[in-house]
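Listed here are the chains, written in short residue letters.
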Amino acid sequence: MTEEPSSTPRVETVVKPDPTLDAKVIDIAIRLGVLGLFAYFSLQLVAPFFLFLVWAVVLTVALYPVFDWLVARLGGRKVLAAVLITLCCLAIVIGPVAVLIVSLVDTLQGWYHGMANGVLKLPPLPEKLAGLPVVGAKISEFWQLAGQGLEQLLAKVGPTLVPAGSRILGVLASLSGSVLFFIVSIILAGCLFVPAPSLAKGSKLFADRIIAPRGSEFVDLAGATIRNVSRGVIGVAVVQGLLTGIVLIAFSVPLAGVLTFVALILCIIQIGPALVIIPTIIWAWSSWELVPALLFTVLMVPVMLIDNVLRPILMSRGLNVPMLVILIGVLGGTIAYGLIGLFLGPVILAVFYELIIAWVKAGEKRPPEVTTLPDR
């Protein structure tokens, strides 16, 4: 006996689109579009001041421990402490530049009048310089020409000096623009000291919304990295520049102020003072007696190498990020973005390093998947 197939009709379920869901999607898309439009125009408005704001934030984070210490000494008067730190920073930026420009102008004017009137005479060329291979003859010829008077010297080297002079003027103009840039950034930083705790709290809340639950930890890491880079780069550069200037002035080296300023800039941009110290040592050995030249060299060589000892100690203090990551960030940021990259490079690389480590550790904590074979 066979069963007949059931004659029950087959029912197919048709899912109708939910108009409420479509309305929500459209509503979210419109909101995101309006928000993106406002964000675009806001960034366009802030873009001209972006570098000023970044530098102001860097200076505020780097100097906030000093601000906190000063507030405690002044009985809680935060505005007075912010004004004092701002004035000190302005004096540090403006003072050396003003002294350098005045000294350079006076020196050049004295040389010009002395050579034009025939009063300024060059000393005899040291025999060691004249006897140098390849360049000794050219140095001797130039020295003799310079000793004959200003007119003969300008007639000989004038066409060569014109392009160099235009480049020097360009560098001086760039230096003036940089000084003005730092002045504006310092004033903005002075305005950020008082509301800094509220801004830091808001930054942590914003970071938690993006990189939960470790957003606030990454903000603290960025602040610690900025402070360590400030101590390890700017602090060491100031120490090297100061020691270089002290030794140059103590030994009465000509143009000691200019050489000190150049050494300081080279230290800040991570080249080091060797480009100033090594030629000065060579000049000392060719111009001085054995004992002062030897003593000058013994003092200058440790000054030239002191950053290799101080920088790792200061930059790695209080950070779990390896020193190599910080150094790569400093050098790479400086090459890619200039002086501001000196701080942005290590911050970005340190945060990225911590993100990678957190991602790897999260994978290690995940329990392994157990695969069961079916019974046969």
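Just so it is clear, the structure is predicted and the values come from calculations on it, not from any experiment.

Basis of the calculations
Residues numbered from 1 in each chain as written. Predicted model: local features only at pLDDT ≥ 70, side-chain atom pairs only at ≥ 80, totals over all residues. Heavy atoms only, no water. Helix = DSSP H or I, 4+ residues; strand = E, 2+ residues; numbered from the N terminus. Buried < 20%, exposed > 50% of the residue type's maximum accessible area, 1.4 Å probe, protein only. Contact = heavy atoms within 4.5 Å. Areas by Shrake-Rupley, 256 points an atom, 1.4 Å probe, with all protein chains shown as cover. Core = buried A, V, L, I, M, F, W, Y, C linked by side-chain atoms within 4.5 Å. Axes fitted to C-alpha atoms, helices over the stretch in contact; angles between N-to-C directions. Parallel < 35°, antiparallel > 145°, perpendicular 65-115°, else oblique. Nonpolar A, V, L, I, M, F, W, Y, C, P; charged D, E, K, R; others polar. Salt bridge = Lys/Arg side-chain N within 4 Å of Asp/Glu carboxyl O. Patch = residues over 30% accessible without salt bridge, like charges linked within 9 Å, V, L, I, M, F, W, Y side chains within 5 Å. Phe/Tyr/Trp six-rings, centres within 6.5 Å; stacked < 30°, edge-to-face > 60°. Left-handed = near helix turned anticlockwise from the far one by under 90°.

Each helix and strand in the chain was counted, giving 14 helices and zero strands. Ordered by position from N to C terminus, the α and β elements of the chain give α-α-α-α-α-α-α-α-α-α-α-α-α-α. Of all 376 residues assigned to the chain, the portion counted as buried reaches 28%. Taking contacts inside the chain between residues at least 6 apart in sequence as the whole, the part at least 24 apart equals 65%. Accessible surface computed for the chain: about 25,500 Å², of which carbon and sulfur atoms make up 72%.

Counting 35 residues, the largest nonpolar core has Trp 55, Phe 67 and Phe 343 as its most contacted members. Elements represented by at least two residues in this core include exactly helix H2 (50-73), helix H3 (78-117), helix H6 (150-192), helix H8 (215-250), helix H13 (323-337) and helix H14 (341-365). Ranked by the residues each element gives to this core, the list is headed by H2, at eight residues. Excluding residues within four positions of it along the chain, Phe 343 makes contact with Trp 55, Val 58, Ile 226, Val 229, Ser 230 and Ile 234.

The interhelical angle for the contact between helix H9 (residues 256-268) and helix H10 (residues 274-287), taken along N-to-C directions, is 140°, at an axis separation of 8 Å. On the basis of their axis angle, the class for H9 and H10 is oblique. Of H10, the residues touching H9 (which contributes Leu 259, Val 262, Ala 263 and Leu 266) are Leu 275, Val 276 and Thr 280. The residue inventory of the contact of H9 with H10, partitioned by class, reads six nonpolar, one polar and no charged.

This next bit is on the pattern of salt bridges. All chains considered together, the criterion is met by two salt bridges. Among the ionic pairs, Asp 27 bridges to Arg 31, the shortest N-O distance being 3.1 Å. Here Arg 31 and Asp 27 lie together in helix H1 (residues 19-46), a separation of four residues that amounts to about one turn. On the accessibility criterion, Asp 27 (33% relative accessible area) is partly exposed.

Quick look at a nonpolar patch on the surface now. On the surface, a cluster of nonpolar side chains totalling about 610 Å² of accessible area is made up of Leu 45, Val 46, Phe 49, Leu 53, Leu 180, Val 184 and Leu 188. Mapped onto the nonpolar patch, the elements with two or more residues apiece are H1 and H6. Top element by residues in the nonpolar patch is H6. It accounts for three residues. Checked against the element boundaries, Leu 53 lands in helix H2. Look at Leu 53 and you get partly exposed, because its relative accessible area is 38%.

Our focus in this paragraph is the packing of aromatic side chains. Applying the stated criterion to the full structure yields seven aromatic pairs. Ring geometry for Tyr 64 versus Phe 67: centroids 5.3 Å apart, planes at 45°, classification tilted. One end of the pair, Tyr 64, and the other, Phe 67, are both in helix H2, three residues apart, so they sit about a helical turn from each other. The exposure class of Tyr 64 is partly exposed, given its relative accessible area of 24%. Considering the side-chain rings of Trp 283 and Trp 288, the 5.3 Å spacing of their centres and the 75° angle between planes classify their relative orientation as edge-to-face. Classification of Trp 283 by relative accessible area gives partly exposed; the value is 31%.

Okay, unusual backbone geometry next. A positive phi angle, close to 55°, is found at Ser 252, a residue other than glycine. Mapped onto the secondary structure, Ser 252 falls in the loop between H8 and H9. Take Ser 252: its relative accessible area is 60%, and that puts it in the exposed class.

Attention now moves to the packing of H8 against H9. Between H8 and H9, the least distance of the axes is 8 Å, while the angle of their chain directions is 160°. By the angle class used here, H8 and H9 are roughly antiparallel. Considering only the axes of H8 and H9, their crossing is right-handed. Between H8 and H9, the contacting residues are Val 233, Ile 234, Ala 237, Val 238, Gln 240, Gly 241, Thr 244, Gly 245, Leu 248 and Ile 249 on the first element and Ala 256, Leu 259, Thr 260, Ala 263, Leu 264, Cys 267 and Ile 268 on the second. Its residues assigned to classes, the contact of H8 with H9 shows 12 nonpolar, five polar and no charged.

Within the element layout of this structure, Thr 60 appears in helix H2. The class for Thr 60 is buried, based on a relative accessible area of 7%. Once residues within four sequence positions are removed from consideration, Thr 60 is found in contact with Ala 189, Leu 192, Phe 193 and Ala 196.

So, about the environment of Met 323. Its place among the elements puts Met 323 in helix H13. Overall, Met 323 belongs to the buried group, its relative accessible area being 19%. Residues Met 323 and Pro 312 lie 11 residues apart in sequence; the distance between their C-alpha atoms is 6.9 Å.

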